[in-house]
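Summary of structural features
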Amino acid sequence: MALHVVDHPLAHSLLTALRDKSTPPPLFRVLSKRLALVICVEATRSLATERVEVETPIRATAGQRLASTFVAVPILRAGLGMLEAITELIPEVLVGYIGLERDHATFEPSLYYSKLPPLQGRTVLLLDPMLATGGSAAAAATALFGAGAESVSLISVVSAPEGVRHLESAHPSVEIYTAALDEGLNDHAYIVPGLGDFGDRLFGT
Ligand code: PRP
Ligand code: URA
């Protein structure tokens, strides 16, 4: 597994605003999408392209286009805050959904929804802004590989070392793209310093 911590001034300033507890949900939504755009540009750096001819108003020239269809899968709810970034960057992306909820006492995820397009041989960008214990991302990756995904990259906003280790031992091939590797987890399995409950801050709950 490779951990990619995105080192970009835009990522740093957007993440700082997301961490700020005074950022209200309407602004939190806008900033989440912007930060997801920056992370996704990094995460798609190695996608294969194929050569095509294009006619400019002046003459024909060589260009490139994405060589294969790939799939974005947000983990409900919080991953929804990152989805529009992908569909705007790559309108032809296929979208699936996985619903997972962490138990407040055991921190174990339970699957309550899954709707996936055909994944056989495809690359999946898994969208989940918080990699805390890693249980949710690992369960989602298990479901994606079980459905035939060829490769999975996780797009996260904040990651904890515990989550990175968990995901690495469960699914060593998964690449993680994140804006920050934080200190660790508190007794409630929240990321420290983190940004709180991403889903609650995104949806105002
Ligand atoms: C949050 C977050 C991740 C998960 C991360 O979801 O969005 O999916 O926790 O924690 P983990 O790494 O310890 O599994 P939550 O279960 O709170 O659901 P929500 O997005 O619907 O609020
Ligand atoms: N889920 C969140 O939304 N935040 C955390 O810090 C951990 C899990």
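Residues numbered from 1 in each chain as written. Chains lettered and ligands numbered in written order. Predicted model: local features only at pLDDT ≥ 70, side-chain atom pairs only at ≥ 80, totals over all residues. Heavy atoms only, no water.

Some words on the site of ligand 2
- All residues adjacent to ligand 2 are Arg-102, Met-130, Ala-132, Ala-189, Tyr-190, Ile-191, Gly-196, Asp-197 and Phe-198.
- Ile-191 is positioned such that a nitrogen or oxygen atom in its backbone is 2.8 Å from an oxygen atom of ligand 2.
- At 2.8 Å, a backbone N or O of Gly-196 approaches a nitrogen atom of ligand 2.
- Taking 240 Å² as the accessible area of ligand 2 by itself, protein coverage stands at 88%.
- Looking at side-chain class alone, the shell around ligand 2 contains 6 nonpolar, 1 polar and 2 charged residues. (Near = heavy atom within 4 Å. Polar contact = N/O pair within 3.5 Å; in protein donor to acceptor, adjacent residues only side chain to side chain. Areas by Shrake-Rupley, 256 points an atom, 1.4 Å probe, with all protein chains shown as cover. Nonpolar A, V, L, I, M, F, W, Y, C, P; charged D, E, K, R; others polar.)

Quick notes on the environment of Asp-200
- Assignment of secondary structure puts Asp-200 in helix α6 (residues 198-203).
- Separated by 185 residues in the primary sequence, Asp-200 and Leu-15 have C-alpha atoms spaced 17 Å apart.
- If sequence neighbours within four positions are ignored, Asp-200 has contacts with Arg-77 and Thr-205.
- In terms of polar contacts, Asp-200 uses its side chain to reach the side chain of Arg-77, at 3.1 Å. (Helix = DSSP H or I, 4+ residues; strand = E, 2+ residues; numbered from the N terminus. Contact = heavy atoms within 4.5 Å.)

What about the packing of helix α4 (residues 135-146) against helix α5 (residues 161-170)?
- Running from N to C, α4 and α5 cross one another at 20°; their axes reach a closest spacing of 8 Å. The pairing of α4 with α5 is recorded here as roughly parallel in orientation. At the point where α4 passes α5, the crossing takes the right-handed sense. Mapping the contact onto sequence places Gly-135, Ala-137 and Ala-138 in α4 and His-166, Leu-167 and Ala-170 in α5.
- The class makeup of the residues in the contact of α4 with α5 is 4 nonpolar, 2 polar and no charged. (Axes fitted to C-alpha atoms, helices over the stretch in contact; angles between N-to-C directions. Parallel < 35°, antiparallel > 145°, perpendicular 65-115°, else oblique. Left-handed = near helix turned anticlockwise from the far one by under 90°.)

Some details on the site of ligand 1
- If you check the shell around ligand 1, you find 13 residues, and the closest are Arg-77, Arg-102, Asp-128, Thr-133 and Ser-136.
- Contact between ligand 1 and Arg-77: an oxygen atom at 2.8 Å from a side-chain N or O atom of the residue.
- In this structure, Ser-136 approaches ligand 1 through a side-chain N or O atom, which is 2.6 Å from an oxygen atom.
- Look at ligand 1: alone it shows 500 Å² of surface, and the protein chains cover 91% of it.
- Only β6 (97-102), β9 (130-131) and α4 provide two or more residues apiece to the shell around ligand 1.
- Here the residues of the shell around ligand 1 sort into 5 nonpolar, 4 polar and 4 charged.

Brief notes about a nonpolar patch on the surface
- A cluster of nonpolar residues, Leu-3, Val-5 and Leu-181, forms a patch on the protein surface that exposes about 220 Å² of accessible area.
- By the element assignment, Val-5 lies in strand β1 (residues 3-5). (Patch = residues over 30% accessible without salt bridge, like charges linked within 9 Å, V, L, I, M, F, W, Y side chains within 5 Å. Salt bridge = Lys/Arg side-chain N within 4 Å of Asp/Glu carboxyl O.)

Looking at the nonpolar core
- Core analysis: the largest hydrophobic core is formed by 37 residues, its most contacted members being Leu-35, Ile-155, Val-157 and Leu-195.
- Contributing elements (two or more residues each) for this core: α1 (9-19), α2 (25-43), α3 (80-89), β8 (123-127), β10 (151-159), β11 (175-181) and α6.
- It is α2 that provides the largest number of residues to this core, a total of 8 residues.
- Excluding its chain neighbours within four sequence positions, the residues that come into contact with Ile-155 are Ile-39, Cys-40, Ala-43, Met-82, Leu-125, Leu-126, Leu-127, Asp-128, Pro-129 and Tyr-177. (Core = buried A, V, L, I, M, F, W, Y, C linked by side-chain atoms within 4.5 Å. Buried < 20%, exposed > 50% of the residue type's maximum accessible area, 1.4 Å probe, protein only.)

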